[in-house]
Structure formats: structure tokens, C-alpha cells
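# What the coordinates show
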Amino acid sequence: MALSPNLHGSLLMAAAMASFSVTDAMSKFLLAQMNFGQLVLLRGIVASLLIAALAAHRGALRPLRVLFAAPVALRIIGEVGGTVLFLQAITHLPLANVAAIILSQPLAITLGAVLILGERVGWRRWLAITAGFAGVLIIVRPGAAGFNQFTLLALGAVAFYALRDLATRKIAADIPALFVTLLTTVVMTLVGGGLMVPLGGWAEPSASALLLLAVAAVLVLIGYQCVIMALRVGDISAVAPFRYTQLLWAMLLGYLMFGDRPDGAMILGASVIVASGLYTFHREHIRNRSMLLAAKAASVPTDGQ
């Protein structure tokens, strides 16, 4: 039986989140054997080669001057900053806790769109944003014994990822997404190489570590492609909420691989974040539908015209 477009897109989004979650778990495991600069360098080399080959195959290569377009540069800064802080955070914190904090990103994007892009947001979405960040506070518990600088790194990663996605909205339509991904991956690889020495230098990786790095690079590429296909196949309002399946994967992998057991505060905070995020998607869907109906009504000629 053929799948509906929204179901097809939802399954692709869920597959993408599974790919990203397994990659994160592999990275956390490998960070016990090498510093994150070396991890980013080695993973980036494999990913850059794969993405470059795919971009060449699809005719998506463009001149390097694209790198200096302000939205592209800002997107890369957001990606690099977010990834560096995220890897530092998962080195010292449970995977599910960091994943739950990162899932507040859609709320941060909405807030950024208001403050930076001047978008208008109704009181319901303001309540959802407030509730979402209250969920983050429940997880990080400022002032509690478990609160430390690594929790702040996870919050910093959210800010950088929000910058990345806001800048992505401003990238010219004639610049292929695959080429932007290639530029981002190459810059990320160079940053990893630059950070490797001050973070402790080169550690000889085992054959199993190299295999895991190669698999992680492939899974990242699969995840990005699944996200792109999901958003092209299904409605965003139907597909986007399946991003939250990443939290389930993070909890499962964190328990199986590292013995992390989410406590009550983490589960409560994550539930608040997910609920507020889903409501934000719902309100965005209603707003877009209203705008579409208004545009159609404006295009219909009145009697006598």
C-alpha cells in the first residue's frame, strides 16, 4: 500500500533523527579515546569527500566566493560554534540531557526571528516560548549541585544553532543547499584540525575507532538527506514534530551505551519542551494556512470585474 506524502515524510524525518542520534552516541563514545578536535577532523575528512562527490554528481558545485556571502558565513559560524559546544557538552553530560536542551532550538529560532528579523508572534506562541525555556530551566536546574559549565555549553550550542537556521533563511535560492553543506563541512574540518593540538594533540586511533568515524560520517550525510527529502515530500507542520523522536533515541542509546538513567526533573523538563515545541508547530501551521486562504481570497475577482 502506497504511503501518504505526510506519512512518508514523517518516516524520513524519524529516520534522520535516528541517524543523528546514533552519530552523537558514537561521538560521545569516541571522545573517550581522542579530543573533539581530532574527532571533528577525522569525521570531517570522510564527510567532506562524500559530500563533495555527491555535490559534483548533482552539479551543485559553485565558486568559493559563495563562502563570503554574509548569510552563508553566518550559517557556517553557527554550525561550527554549535558543534564545538555540543561535543564539549556531551563529553561531560548525559546524552539525553543535552539532546533535550538542544530540542529547545525551534523556540530559540522563533525568539530570534522576532528579535532579529522583526517577525510578529502572537501571545499564544509567546506563552509556548516561555514554557519551553521553563522546561530548559527544569533540566539544567541553575543553582543545583548538578549545574555546571558544561550545561552552559549546551545552552550556548542552542544559540549558535538558532543563528545557523536564521541565517539559512536568508541564503539566496540559487545557492544549492548541498554546496552550503559542503562549505560548512570543510570549514568544520579545518577548525577541528586547528583545535586538535591545543586540546592535547594527535592520539593514534584504533581500527575500530576509524570504522566508527567512517560510519558516523555516512550517517550524518544520510540524516541530512532524509531531512531534506522529508521536508520536500510532506507538509512541514506534519513532518517537523517528528524531530522530537531524537530525544527517545538519545534516552535509549544513553542508557544502553553509557548507563545514563534520566531522572524525574529531566523527564519533566523534556516533556515541557516537547509540548511547547509541538504547540509552536501547530500555531505556525494555523498561521500559514490563514495567510494562504487570505492570499487566495485576495486573488478572486469580485462581482462585476
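Let me begin by describing the structure that accompanies this report. (Residues numbered from 1 in each chain as written. Predicted model: local features only at pLDDT ≥ 70, side-chain atom pairs only at ≥ 80, totals over all residues. Heavy atoms only, no water.)

## So, the packing of helix α5 (residues 105–115) against helix α7 (residues 149–168)
α7 packs onto α5 with a crossing angle of 60° between their chain directions and a minimal axis gap of 9 Å. On the basis of their axis angle, the class for α5 and α7 is oblique. Two packed elements cross with a definite hand, and for α5 against α7 that hand is right-handed. Packed against α5, whose contacting residues are Gln105, Ala108, Ile109, Gly112 and Ala113, the element α7 presents Val158, Tyr161, Ala162, Arg164, Asp165 and Leu166 at the interface. (Axes fitted to C-alpha atoms, helices over the stretch in contact; angles between N-to-C directions. Helix = DSSP H or I, 4+ residues; strand = E, 2+ residues; numbered from the N terminus. Parallel < 35°, antiparallel > 145°, perpendicular 65-115°, else oblique. Left-handed = near helix turned anticlockwise from the far one by under 90°. Contact = heavy atoms within 4.5 Å.)

## Quick notes on the nonpolar core
Of all hydrophobic cores here, the largest spans 66 residues; its most connected members are Phe86, Leu87, Val98 and Leu247. At 9 residues, helix α3 (residues 70–92) tops the list of elements feeding residues into this core. With residues up to four places along the chain from it excluded, the contact list for phenylalanine 86 reads Asp24, Val98, Ile102, Ala157 and Tyr161. (Core = buried A, V, L, I, M, F, W, Y, C linked by side-chain atoms within 4.5 Å. Buried < 20%, exposed > 50% of the residue type's maximum accessible area, 1.4 Å probe, protein only.)

## Observations regarding the pattern of salt bridges
With the rule as written, the count across this model stands at 3 salt bridges. A salt bridge links arginine 164 to aspartate 165, with the shortest nitrogen-to-oxygen separation between them at 2.9 Å. Residue classification places arginine 164 among the buried positions, given a relative accessible area of 13%. Residue classification places aspartate 165 among the partly exposed positions, given a relative accessible area of 22%. Taken together, the salt bridges that share partners define one network made up of Arg75, Glu79, Arg164 and Asp165. (Salt bridge = Lys/Arg side-chain N within 4 Å of Asp/Glu carboxyl O.)

## Observations concerning a nonpolar patch on the surface
Together, Phe29, Trp249, Leu252, Tyr255, Leu256 and Met257 make up a nonpolar patch on the protein surface, roughly 600 Å² of accessible area in all. Following the sequence through the fold, tyrosine 255 ends up in helix α11 (residues 245–258). Residue tyrosine 255 is classed as partly exposed on the basis of its relative accessible area, which comes to 41%. (Patch = residues over 30% accessible without salt bridge, like charges linked within 9 Å, V, L, I, M, F, W, Y side chains within 5 Å. Areas by Shrake-Rupley, 256 points an atom, 1.4 Å probe, with all protein chains shown as cover.)

## Here we look at the packing of aromatic side chains
Throughout the structure, instances matching the rule amount to 1 aromatic pair. Seen from their ring centres, phenylalanine 20 and tyrosine 224 are 5.4 Å apart, and the 65° between their planes marks the pair as edge-to-face. With phenylalanine 20 in helix α1 (residues 5–30) and tyrosine 224 in helix α9 (residues 207–233), the pair connects residues that are 204 residues apart, well separated along the chain. Sitting above the plane of the phenylalanine 258 ring, lysine 28 keeps its charged end 5.3 Å from the centroid. (Phe/Tyr/Trp six-rings, centres within 6.5 Å; stacked < 30°, edge-to-face > 60°. Lys NZ or Arg CZ within 6 Å of the ring centre and 35° of its normal.)

## Quick look at helix α4 (residues 95–102)
For α4, a buried count of 8 out of 8 residues is recorded, marking the element as mostly surrounded by other parts of the structure. Among all positions of α4, only Leu95, Ala96, Asn97, Val98, Ala99, Ala100, Ile101 and Ile102 are buried.

## Considerations on the side chain of threonine 185
If you trace the backbone, threonine 185 turns up in helix α8 (residues 177–196). Classification of threonine 185 by relative accessible area gives buried; the value is 14%. Polar contacts involving the side chain of threonine 185 include one to the main-chain carbonyl oxygen of threonine 181, which spans 2.8 Å. Apart from residues no more than four positions distant in its own chain, threonine 185 is found in contact with Gly44, Ala47, Ser48 and Ile51. (Polar contact = N/O pair within 3.5 Å; in protein donor to acceptor, adjacent residues only side chain to side chain.)

## Some points on the environment of serine 276
Topologically, serine 276 is positioned in helix α12 (residues 264–299). For serine 276, a relative accessible area of 5% corresponds to the buried category. Between the alpha carbons of serine 276 and alanine 134 there is a distance of 10.0 Å; along the sequence they are 142 residues apart. Apart from the residues within four sequence positions on either side, serine 276 is in contact with Leu107, Ala128, Ala131 and Gly132. Side-chain polar atoms of serine 276 contact the backbone oxygen of isoleucine 273, separated by 2.9 Å.

## Thoughts on the packing of α4 against α11
It is the contact of α4 with α11, at a shortest axis distance of 8 Å, that shows an interaxial angle of 165°. With respect to each other, α4 and α11 are oriented roughly antiparallel. Here the hand of the crossing between α4 and α11 comes out right-handed. From α4, Leu95, Ala96, Ala99 and Ala100 reach across to α11, where they touch Leu247, Ala250, Met251, Leu253 and Gly254. Counted by class, the contact of α4 with α11 contains 8 nonpolar, 1 polar and no charged residues. (Nonpolar A, V, L, I, M, F, W, Y, C, P; charged D, E, K, R; others polar.)

## Structural notes on the side chain of threonine 189
Turning to its location among the elements, threonine 189 is positioned in helix α8. Setting aside chain neighbours within four positions, we find threonine 189 in contact with Val40, Leu41, Gly44, Ile45 and Ser48.

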